[in-house]
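# Chain and residue survey
What follows is the residue order along each chain.
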Amino acid sequence: MVTPGEVLGRVSDIKPGRGAYAALHNETVYASLTGFRRTLSPSPDSSDQRPTVEVTGHKSHGPVPQPGSIVIARITEVMAKTASADIMCVGPKSVREKFTGIIRQQDVRATEIDKVDMHLSFHPGDIVKALVLSLGDSRAYFLSTAKNELGVVSAESIAGACMVPVSWTEMQCPLTGQIENRKVAKVAS
């Protein structure tokens with residue numbers, strides 16, 4: 001990773017490519033943007049056999065969760081007071097980096113917060129639609145499923161089938177008929 005103004009090498013050794021420039025007063029090649037340094041070998045038939053150094057922009061990292069954005073996440077772990085999730089999409093766009101979210105007990109639903117049982121709301125592997133509340137701590141974003149349209153949108157039953165929502169709090173396996181508890185997202189009609 002390099003930043004603007006960082007020395008990439010000498011003009012006698014390398015050629016500047018995209019995202020780089022040569023300062024002729026001191027024969028030095030510098031980065032002109034923040035990004036990743038890449039060295040390209042010269043073509044064998046080229047008269048100039050110096051490799052080309054380019055800096056590819058760091059802007060291509062994809063969407064980043066922001067407070068207020070709707071995300072799609074996969075539940076990875078369920079504890080007594082929280083559930084952890086890997087954020088997969090921000091709005092309609094998939095993320096390229098790993099972002100972790102935490103759903104706290106008080107953010108699962110809007111009513112009867114003190115009666116929320118995390119193990120009856122989520123299971124590892126569930127796909128949830130959630131709202132980003134805040135940046136949380138350094139490790140994770142705080143997420144909420146406290147609105148009707150937020151919660152589990154896809155879950156796999158013990159038998160391996162994609163379960164069907166039957167109420168606000170239950171999903172059913174189409175193969176076995178077994179009902180499992182979840183905080184189900186209301187499907188927009």
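The rules behind the values
- Residues numbered from 1 in each chain as written.
- Predicted model: local features only at pLDDT ≥ 70, side-chain atom pairs only at ≥ 80, totals over all residues.
- Heavy atoms only, no water.
- UniProt positions renumbered as here; feature names shortened; annotations may be inferred.
- Pairing = 2+ DSSP bridges.
- Helix = DSSP H or I, 4+ residues; strand = E, 2+ residues; numbered from the N terminus.
- Domains from an automatic or database assignment.
- Buried < 20%, exposed > 50% of the residue type's maximum accessible area, 1.4 Å probe, protein only.
- Polar contact = N/O pair within 3.5 Å; in protein donor to acceptor, adjacent residues only side chain to side chain.
- Contact = heavy atoms within 4.5 Å.
- Salt bridge = Lys/Arg side-chain N within 4 Å of Asp/Glu carboxyl O.

Naming follows an unreviewed UniProt entry, where the protein appears as S1 motif domain-containing protein of Arachis hypogaea. If you open the UniProt record of the protein and go to Subcellular location (unreviewed entry), you find "Nucleus, Nucleolus".

## Brief notes about the sheet that holds strand S5 (residues 35-40)
Strand order in this open sheet of three strands is S2-S6-S5, and the pairing throughout is mixed. Strand pairing shows two members of the sheet lacking a second neighbour, strand S2 (15-16) and S5, which therefore form its edges. Here two bridges tie S2 to strand S6 (residues 52-57), and the two strands are oriented parallel to one another. Its bridge partner lying in S6, Pro16 is registered against Val53.

## Considerations on the domain arrangement of the protein
Per the domain assignment, the segments of the protein are domain 1 (6-57) and domain 2 (69-181). Computed from C-alpha coordinates alone, the two centres of domain 1 and domain 2 are separated by 47 Å.

## Let's talk about the side chain of Thr145
Relative to the helices and strands, Thr145 is located in the loop between strand S11 (141-144) and strand S12 (151-154). Judged by relative accessible area, which is 0%, Thr145 ranks as buried. Here Val108 takes part through its backbone oxygen, which lies 2.7 Å from a polar atom of the side chain of Thr145. Not counting residues within four places of it along the chain, the set of residues in contact with Thr145 comprises Ile103, Asp107, Val108, Arg109, Phe122, Lys129, Ala130, Leu150, Gly151 and Lys183.

## Observations concerning the pattern of salt bridges
For the structure on display, the rule yields nine salt bridges. Residue Glu54 is joined to Arg38 by a salt bridge in which the shortest nitrogen-to-oxygen separation is 2.8 Å. Residue Glu54 is located in strand S6, and its partner Arg38 is located in strand S5; the two are separated by 16 residues in the primary sequence. A salt bridge links Arg50 to Asp48; its shortest N-O distance comes to 2.9 Å. On the basis of relative accessibility, which here comes to 22%, the residue Arg50 falls in the partly exposed class. Residue classification places Asp48 among the partly exposed positions, given a relative accessible area of 23%.

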